[in-house]
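Each chain, written out:
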Amino acid sequence: MIDNNHLSKRKNINLVIGLGKSGFWAAKYLRSIDKRVIVWESKDGKEFLEKKTELEELNILVSLNKEFVFKEIDPFVKEIESVVVSPSVPYEHETIIKLKKKGIKVIGEINVAWEILKDTNWIGITGTNGKTTVTHLLSHILCQNELCAPFAGNIGTPLCKYAYSKKHEQIDWIVAELSSYQIEISPEVKPNIGIWTTFTEDHLERHKTLENYFNIKKSLLEKSDFRIYNYDDENLRNHYISLSKGIWITTSLDKSNIIQCDYWIDDQAFIIERGKRLFKLEHFSLKGTHNLQNLLLVIAAARKVGLSGKKIKDSLSNYKQLQHRMETIYKNNDLEIINDSKATNFDSSIAGINSIEGQIIIISGGRLKGNKYTEWIKVLKKKVKCVFLFGESSKVLKMALINEGFNKDIFEFSELKELLNFVFQYLQNNKCGTLLFSPSCSSFDQFKNYEERGDHFKKLVSKKLKVN
């Protein structure tokens, strides 16, 4: 229990809410620059106890099972310099609103790192889907060409860890995936290069309207010195004139599209840069049109950084697929099992499904995020032989599938373990080329993130098939 009388005697307190990776490193970094730091975490458990012990050795006060409520902060609110919140805390949270009314600075881990990293080159990548692949692939290409370009932000290493370890002094480019949550709370972040991958309905349970969600993403690009957009995305294309001037890419060979764009792929698989062939696309392992879009966005950014076409091409040959994004975890002559736990919305799931040839058995479920599923069900009706549902959304999705005329098998389970036991029985009597784990929903009903969900799925499959 924190002694509030003790706190009131300490000046310039920085209160960190959440003891995940970003909160942990934000606390360590702030303490390393001689700030007074307190951490509150709403949960407990072995992982948090270990972090608590480590931080308390640095003279950081840590409370577990501590809810983020204003009445707990009010007694020492005048002593607070900043409150650092996890991206999972909504910006309209009652406590945040009250803190801001009191004039308290409410920021995220990105803001904390920005203060020391703002003089480093930044590439900020946002979008509803595709941003993780673009971030990881771009970082790979830059690093293959002897640039220190770590991927960070919403994936990878928290930026405050680089700030804490002084490794930021060696960084040439920060390649940062930035979610709408992070952009919303970090208005001062101004990348050298901004990339907008896609825009579809998502996170409406948080942002309430599509316009709010769009404007948050748009704000990052407006603050970027150089901007790259995806013309294949209908919503972005419809805003072509109103968006800040930038570079556009397309995978379409339609002349009306190409005339508006700077990068495309011709009918002989050459990457075209402003009408000139850059290099022939070979040895690119990622499936689907959406990944060709991702690749073109990456190439446009790498060219802006200064890499030649040959250097980019050579770097693609040894790129390895990200975990949890269309990741093949088992394959034999009859069956391929794909882990696409990163498909946390229906549009991302559609992209994965469309990249697969032949019939599919799909596993979906989790927590719905307020976005519509009509188009997803249309794709399922065409390409999917059977649907297995699990988690919080399973009953809603089952009724939606039935109401939309999906007349094939639908099975509903509460948890993945029970579901997979039945899936493998089903496969013995129903041959199908691909078993696709594509949740199409957030993981927060049963898991802390999509990585944990994907790892759980892989462990269950591995145990069931007795393979690594």
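Residues numbered from 1 in each chain as written. Predicted model: local features only at pLDDT ≥ 70, side-chain atom pairs only at ≥ 80, totals over all residues. Heavy atoms only, no water.

*Asks:* Help me understand the layout of surface pockets in this model?
*Replies:* Over the atoms, a rolled probe matching the size of one water molecule traces out where space is still vacant. As a volume, the second largest pocket reaches approximately 920 Å³. Lining the second largest pocket are 36 residues, with N129, T200, D233, D347 and I350 positioned closest to its centre. Elements represented by at least two residues in the lining of the second largest pocket include exactly α12 (234-238), α14 (289-305), α16 (346-354) and α17 (374-383). Of the residues that constitute the lining of the second largest pocket, the class distribution is 7 nonpolar, 18 polar and 11 charged. Two domains share the lining of the second largest pocket, each providing at least three of its residues, namely domain 2 (116-317) and domain 3 (327-465). (1 Å grid on protein atoms, 1.4 Å probe; cavity = no way out; pocket = protein on both sides within 12 Å on 5 of 7 lines; lining within 4 Å. Points joined across faces, edges and corners; volume = space filled by probe spheres on them. Helix = DSSP H or I, 4+ residues; strand = E, 2+ residues; numbered from the N terminus. Nonpolar A, V, L, I, M, F, W, Y, C, P; charged D, E, K, R; others polar. Domains from an automatic or database assignment.)

*Asks:* Would you mind showing me how to read α14 here?
*Replies:* At 3.6 residues per turn, the α-helix brings residues three or four places apart onto the same side. Relative to the 24 Å expected for 17 residues at 1.5 Å per residue, α14 spans 25 Å between its end C-alpha atoms, a close match to the ideal helical length. Counting buried residues in α14 gives 13 out of 17 residues, a clear majority hidden from the surface. Phi turns positive, to about 125°, at G306, one or two residues after α14. (Expected span 1.5 Å × (residues − 1). Buried < 20%, exposed > 50% of the residue type's maximum accessible area, 1.4 Å probe, protein only.)

*Asks:* In this structure, what is going on with the packing of α14 against helix α15 (residues 309-316)? I would like to understand it.
*Replies:* Each pair of packed helices can be summarised by the angle the axes make with each other and by the distance between the axes. Taken N-terminus to C-terminus, the directions of α14 and α15 make an angle of 135°; their axes are 10 Å apart at the nearest point. Relative to α15, α14 is oriented oblique. α15 is crossed by α14, and the crossing has right-handed handedness. Contacts between α14 and α15 involve L295, I299, A302 and R303 on the former and, on the latter, G309, I312 and L316. Looking at the contact of α14 with α15 residue by residue, the classes come out as 5 nonpolar, 1 polar and 1 charged. (Axes fitted to C-alpha atoms, helices over the stretch in contact; angles between N-to-C directions. Parallel < 35°, antiparallel > 145°, perpendicular 65-115°, else oblique. Left-handed = near helix turned anticlockwise from the far one by under 90°. Contact = heavy atoms within 4.5 Å.)

*Asks:* Can you help me understand the sheet that holds strand β2 (residues 36-40) in this one?
*Replies:* The strands making up a sheet are joined through hydrogen bonds of the backbone, oriented either antiparallel or parallel. One open sheet accounts for 5 strands, arranged β3-β2-β1-β4-β5; its pairing is parallel. Either end of the sheet is taken by a strand with one partner, and the two such strands are β3 (61-63) and β5 (105-107). Between one strand axis and the next, the sheet turns through 20° on average, direction left out of account. Direction of pairing for strand β1 (residues 13-17) relative to strand β4 (residues 80-85): parallel, over a ladder of 5 bridges. If you follow N14 over to β4, its bridge partner there is S82. (Pairing = 2+ DSSP bridges.)

Distances and angles like these do not, on their own, reveal function.
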